Number of protein chains: 2
Amino acid sequence: MTTPIEEDHMAADDAFGPIRLYMSMSLDGFITGPDDRRGQELGAGGWRLFDWLDHRHGDGASGQVYREATATGAVISGRRTFELAGRWQGDHHDGVAINVLTHHLDPDDRPPGSARFFTDVGVCAAEARAAAGGRAVLVHGAGAAQALLRAGLLDELEIHLVPVVLGKGRRLFDETRVELRQVRQLTDQGVTHLRYAVERAEAGRPR
Amino acid sequence: MTTPIEEDHMAADDAFGPIRLYMSMSLDGFITGPDDRRGQELGAGGWRLFDWLDHRHGDGASGQVYREATATGAVISGRRTFELAGRWQGDHHDGVAINVLTHHLDPDDRPPGSARFFTDVGVCAAEARAAAGGRAVLVHGAGAAQALLRAGLLDELEIHLVPVVLGKGRRLFDETRVELRQVRQLTDQGVTHLRYAVERAEAGRPR
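Residues numbered from 1 in each chain as written. Chains lettered and ligands numbered in written order. Predicted model: local features only at pLDDT ≥ 70, side-chain atom pairs only at ≥ 80, totals over all residues. Heavy atoms only, no water.

By the naming in an unreviewed UniProt entry, chain A is Dihydrofolate reductase family protein, taken from Amycolatopsis rhabdoformis.

A.B. asks: Even after reading the chapter, I still don't get the interface of chain A and chain B, so can you show me in this structure?
C.D. replies: Quite often, the size of an interface is put as the accessible area lost when its parts meet. Taken together, the contacts link 32 residues of chain A with 31 residues of chain B. Summed over both partners, the interface of chain A with chain B buries about 2800 Å², with 54% contributed by carbon and sulfur atoms. Where chain A meets chain B, there are four salt bridges. Between Glu175 of chain A and Lys168 of chain B there is a salt bridge, with its nearest N and O atoms 4.0 Å apart. Remark: the boundary between chain A and chain B carries eight residue pairs in polar contact (both at pLDDT 80 or more). Secondary structure elements with two or more residues in the side of chain A that touches chain B: strand E7 (156-162), strand E8 (164-165), strand E10 (177-188) and strand E11 (191-202) of chain A. Top contributing element to the side of chain A that touches chain B by residue count: E10 of chain A, with eight residues. A per-class count over the side of chain A that touches chain B returns 14 nonpolar, seven polar and 11 charged. Sheet topology places E8 of chain A next to strand E10 (residues 177-188) of chain B; two bridges connect them, and they run antiparallel. (Contact = heavy atoms within 4.5 Å. Buried area = accessible area lost by both parts, 1.4 Å probe. Salt bridge = Lys/Arg side-chain N within 4 Å of Asp/Glu carboxyl O. Polar contact = N/O pair within 3.5 Å; in protein donor to acceptor, adjacent residues only side chain to side chain. Helix = DSSP H or I, 4+ residues; strand = E, 2+ residues; numbered from the N terminus. Nonpolar A, V, L, I, M, F, W, Y, C, P; charged D, E, K, R; others polar. Pairing = 2+ DSSP bridges.)

A.B. asks: Which parts of the structure should I look at to understand the sheet that holds strand E11 (residues 191-202) of chain B?
C.D. replies: Sheet strands pair by backbone hydrogen bonding; their relative direction is either parallel or antiparallel. Sheet architecture is open: nine strands sit in the order E8(A)-E10(B)-E11(B)-E7(B)-E1(B)-E6(B)-E3(B)-E4(B)-E5(B), paired in mixed fashion. Bordering the open sheet on either side are E8 of chain A together with strand E5 (115-118) of chain B, each of which pairs with just one other strand. Against the sheet, helix H2 (residues 61-69) of chain B engages strand E1 (19-26), strand E6 (137-140), strand E7 (156-162), E10 and E11 of chain B, with an angle of about 125 degrees to E10 of chain B. (Axes fitted to C-alpha atoms, helices over the stretch in contact; angles between N-to-C directions.)

What follows is the structure, encoded as structure tokens:
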């Protein structure tokens, strides 16, 4: 049986699915409000970016996008996001591999469930792709997205663009210039889901 | 005769049209590349944001949006944009009023054509609205947009969202938090035109 979701998984390549960032973002490019930390994971007022998830189980575009995200075959996460999310208690969805990019490994720290730590972005991405078995790989976190972009390993961005200007907070993008190609746009209540293919990234100076 | 464009002009109010920013913006919120100045008005590489104008005379969404912009009844511009644009030689389009927001008036500097200087954002907006005769007022420039937003006088934003991450340049938004409502989305080659109604702006600290 070929469903739209299965077709989506196979879009990038016959053998491997795309590595795709899913991220809610304000019109001014913020992915959290200011002062994001444990206990206030989304920053002050940052909950606003996730209102659209109220419609994640609906029949509309937000339902479609959410179902696609949770049908991915592996997860790549930045360490910071992984910790703020309580390590997903080792299971992000359906027990798929959770490959966590980190700068420092602590041999005494064994992550739970299907989570594993990686310090090399290339190895992290390659193993996620292999684990996904032809399905897409879901990327979580700005740090992971930036590292993958700089390494030329991020294939797509699914931006949930939320009609708010936050003014302050954590930004999705750093100083890397990235040429994109918009490949899909879906609008639902309070959000537009924009999918971009990454054409070319040119590393700039980090901030 | 009632055309879609005339209806558009009358959308905000029976007597006055909306004050609406038209702005090309990268996915990361930049409206120029870095180092924008006379002779390099769009900043380094900032021309990328205006590729969509190649389709401004077409039958697609970009043609529609461009025709709407050039059918507005008055212009409000920041001083910086006004100067970088060579003062439009006194005629932005069809001889409509060009109200230029500036911090300092020089009595010896008489702007050309239909351009006039204003130091008070409220007076500038009220006179532009009156001059527009029920049509929409086109806003140019990040400075003018921010001043109008802080004063609660910007009704709408028409963002030409371009599929590129510039990484550096001049940003559209400052630290003012603004709640928006998306009212239209049109996609054409290399751009998505997103129209937002301003619901509420809360002034923050200037950067």
